[in-house]
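A look at the structure
Listed here are the chains, written in short residue letters.
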Amino acid sequence: MSAPLFSVVVPAYNQHKFINPCLTSLQRQTVTDFEVIVVNDCSTDDTGDQIAALIQGDDRFHVITHAQNRGVSAARNSGMAAAKGKYLCFVDGDDWVEPNFLAAFLAAYQAAPTTQLVICGHFGYLAVPSPAKTYTQKDLITNINFGTVGGFSWNKCFIRTIITTHHLTFNEEINFLEDQLFAFRYANYVQSAELLTDKTYHYRWRFRSNLSHIGIPFFAARRKMMKILKQERKHTFSEDLNNQ
């Protein structure tokens, strides 16, 4: 069997209320050449049962079950390790996507075949309006740091061979801004990136969960992330991030 065009990794932990609309939205994609890897991170509710019922008979969906709760970074890493697609996307288990989520990414890559990253518009948390544009590496890093791109993993479509060639993973030692750290690491291998105007991702803002990360926890996590980046001594980061 040939590899799918897209791999979509869905980390899920105790998503009783939300996993159904999440997976259903992926089943309704207009692009059908994809696989979805759902990583059940040792849920203690009925998330696992719901996943099994939803994907029954759909061989595009696969499940990885962690024996213990390991966190979202480990869940994403497990999904990435199993992925086989040319392109790699992430959808959080409490979010959902438009039917053209994958189609918009594919069209952008086809229109700009030398690009190494495509970013979609989204509804919800920190959505910054912007016209479509092509970013250089320096502008991409600036806008991952603070700007239109953001450090999210879920609004981006990555090229999987860049990830595997450079052994990129999510840092399992941190539990906040782990996706921004991953985005910065990936950006080190990007010469151009495409920002789309279409909003195809729905981020579910959960007030208490997101509020807990505002203020001192955010700045503490950011200092830790920047320290990690500097320790890795990436030329791009040391020059560009220090100037912001």
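Structure first, text after, so check above.
The following paragraphs examine the structure supplied in this document. (Residues numbered from 1 in each chain as written. Predicted model: local features only at pLDDT ≥ 70, side-chain atom pairs only at ≥ 80, totals over all residues. Heavy atoms only, no water.)

Here the focus is the side chain of threonine 115. With respect to the helices and strands, threonine 115 occurs in the loop between α4 (101-111) and β6 (117-123). In terms of polar contacts, threonine 115 uses its side chain to reach the backbone carbonyl oxygen of leucine 117, at 3.5 Å. Polar side-chain contacts of threonine 115 include one of 2.9 Å to the backbone oxygen of serine 192. Not counting residues within four places of it along the chain, the set of residues in contact with threonine 115 comprises Tyr109, Ile159, Ser192, Ala193 and Glu194. (Helix = DSSP H or I, 4+ residues; strand = E, 2+ residues; numbered from the N terminus. Polar contact = N/O pair within 3.5 Å; in protein donor to acceptor, adjacent residues only side chain to side chain. Contact = heavy atoms within 4.5 Å.)

Next up on the list: the packing of aromatic side chains. Following the criterion strictly, the structure yields 14 aromatic pairs and no others. Note on phenylalanine 170 and phenylalanine 182: the rings are 4.2 Å apart at their centroids and 10 degrees apart in plane angle, and the pair reads as stacked. Separated by 12 residues along the polypeptide, phenylalanine 170 in the loop between α6 (160-165) and α7 (178-187) and phenylalanine 182 in helix α7 bring together distant segments of the chain. The burial state of phenylalanine 170 is the same as that of phenylalanine 182; both residues are buried. Put simply, the rings of Phe101, Phe105, Phe152, Trp154, Tyr201 and Tyr203 pair up and form one aromatic cluster. (Phe/Tyr/Trp six-rings, centres within 6.5 Å; stacked < 30°, edge-to-face > 60°. Buried < 20%, exposed > 50% of the residue type's maximum accessible area, 1.4 Å probe, protein only.)

Before going further, it helps to spend a moment on the packing of helix α5 (residues 137-145) against α7. Packing of α5 against α7 leaves a shortest axis separation of 10 Å and a crossing angle of 175 degrees. Relative to α7, α5 is oriented roughly antiparallel. Residue-level contacts link Gln137, Leu140, Ile141, Ile144 and Asn145 of α5 to Gln180, Ala183, Phe184 and Ala187 of α7. In terms of residue class, the contact of α5 with α7 is built from 6 nonpolar, 3 polar and no charged. (Axes fitted to C-alpha atoms, helices over the stretch in contact; angles between N-to-C directions. Parallel < 35°, antiparallel > 145°, perpendicular 65-115°, else oblique. Nonpolar A, V, L, I, M, F, W, Y, C, P; charged D, E, K, R; others polar.)

Okay, helix α1 (residues 19-27) next. Within α1, burial applies to Ile19, Cys22, Leu23, Thr24, Ser25 and Leu26. Of the surrounding secondary structure, the elements contacted by the buried residues of α1 are β1 (6-12), β2 (34-40), α2 (47-55), β3 (61-65) and β5 (96-97).

Of all hydrophobic cores here, the largest spans 73 residues; its most connected members are Phe6, Val10, Leu23 and Leu140. Of all the elements, α4 adds the most residues to this core, at 7 residues. Beyond its immediate stretch of four places on either side in the chain, leucine 140 contacts Leu117, Ile119, Tyr135, Val149, Ala187, Val190 and Ala193. (Core = buried A, V, L, I, M, F, W, Y, C linked by side-chain atoms within 4.5 Å.)

Here we take up the environment of threonine 115. Among the residues examined, threonine 115 registers a relative accessible area of 3% and is labelled buried. Along the primary structure threonine 115 and serine 192 are separated by 77 residues, whereas in three dimensions their C-alpha atoms are 5.2 Å apart.

Along strand β4 (residues 87-90), one buried face is formed by Tyr87 and Cys89 and the opposite face, lined by Leu88 and Phe90, is buried too. Pairing between β1 and β4: 4 bridges, direction parallel. If you follow valine 9 over to β4, its bridge partner there is phenylalanine 90. Looking at chain direction, β4 and strand β8 (residues 156-159) are connected through 3 bridges and run antiparallel. Note on β8: the bridge partner recorded for leucine 88 is phenylalanine 158. (Pairing = 2+ DSSP bridges.)

A separate point is the state of the cysteines. In protein structure, a disulfide is the covalent linkage between the sulfur atoms of two cysteines. Inspection of every chain in the model, using the stated rule, returns 0 disulfides. Not engaged in a disulfide, the cysteine cysteine 120 finds its nearest cysteine sulfur in cysteine 89; these two sulfurs lie 8.3 Å apart. Its relative accessible area of 2% is what places cysteine 120 among the buried residues. (Disulfide = S-S within 2.5 Å.)

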